Amino acid sequence: MKEALRMGGIVNLLATGYRAHELNIFNQKHEAIPYIKAAATSRLVPLLEDGLEWLLSPGGYGFDLWAVEAALELKRDYPQLKVSILTAYANVDEKWKDDRKLYYEELLRQVDHHASVSKQPYEGVWQLTARDSLLVRKSDAMLLFYDEEMGEGSPRYFKERALKRQETGDDYPLLTISAETVQSIADDARSAAFE
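Remember, it's a predicted structure, so these values are computed and weren't measured experimentally.

Definitions and limits used
Residues numbered from 1 in each chain as written. Predicted model: local features only at pLDDT ≥ 70, side-chain atom pairs only at ≥ 80, totals over all residues. Heavy atoms only, no water. 1 Å grid on protein atoms, 1.4 Å probe; cavity = no way out; pocket = protein on both sides within 12 Å on 5 of 7 lines; lining within 4 Å. Points joined across faces, edges and corners; volume = space filled by probe spheres on them. Helix = DSSP H or I, 4+ residues; strand = E, 2+ residues; numbered from the N terminus. Nonpolar A, V, L, I, M, F, W, Y, C, P; charged D, E, K, R; others polar. Phe/Tyr/Trp six-rings, centres within 6.5 Å; stacked < 30°, edge-to-face > 60°. Buried < 20%, exposed > 50% of the residue type's maximum accessible area, 1.4 Å probe, protein only.

### Brief notes about the layout of surface pockets
- Of the pockets and cavities examined, the largest pocket occupies roughly 680 Å³.
- Arg19, Gly60, Tyr89, Leu128 and Arg131 are, among the 30 residues lining the largest pocket, the residues nearest its centre.
- Elements that contribute at least two residues to the lining of the largest pocket include exactly β1 (12–17), α5 (125–138) and α6 (155–167).
- The greatest single-element share of the lining of the largest pocket, amounting to five residues, is contributed by α5.
- Of the residues assigned to the lining of the largest pocket, the class counts are 14 nonpolar, nine polar and seven charged.

### Describing the packing of aromatic side chains
- Counted under the stated rule, the structure contains eight aromatic pairs.
- For the pair Trp96 and Tyr104, a centre-to-centre distance of 5.1 Å together with 70° between the ring planes defines the contact as edge-to-face. Of the two residues examined, Trp96 and Tyr104, each falls in the buried class.
- Ring pairs connect the aromatic residues Tyr61, Trp66, Trp96, Tyr103 and Tyr104, which therefore count as one cluster.

What follows is the structure, given as structure tokens:
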């Protein structure tokens, strides 16, 4: 794993970011989702060309799962790509609405690996901490959908972990997607539609 990273490629990428509610997205038909997935795709393709093998996701409803969806679509052209969802605890979707549960279950059927760090239902923040530590430790880099201009949000904890890993002298690239990136993709798509 580390040998490939030294040769220039990222083998295991952690992809995480905003939860849907943090973006004011409350259903799977929201017009922003295709642009968010396109932003993820645009970051993944060069990494795949350079040897990316695994996309790791914490499985939160929002960017985590949209990045998984983008990766699954890319598997047609990059069959070496494998996708893993590693949740903090069992039954993360227990209180989700039915449409979200169905969406999540469909993604679980398509990924190469899925598991929970804790086999118990939610008991405390320690489960989230354990998951986050494991994902950062097992990845070579992080793709983070986070924009400080949008204000605080759950992705800041992952950003802090990435920065701490960098502070130890570890080569741990932090690749970001901002709201401006997504807006630019949306603007380009709308302009192309009018041409």
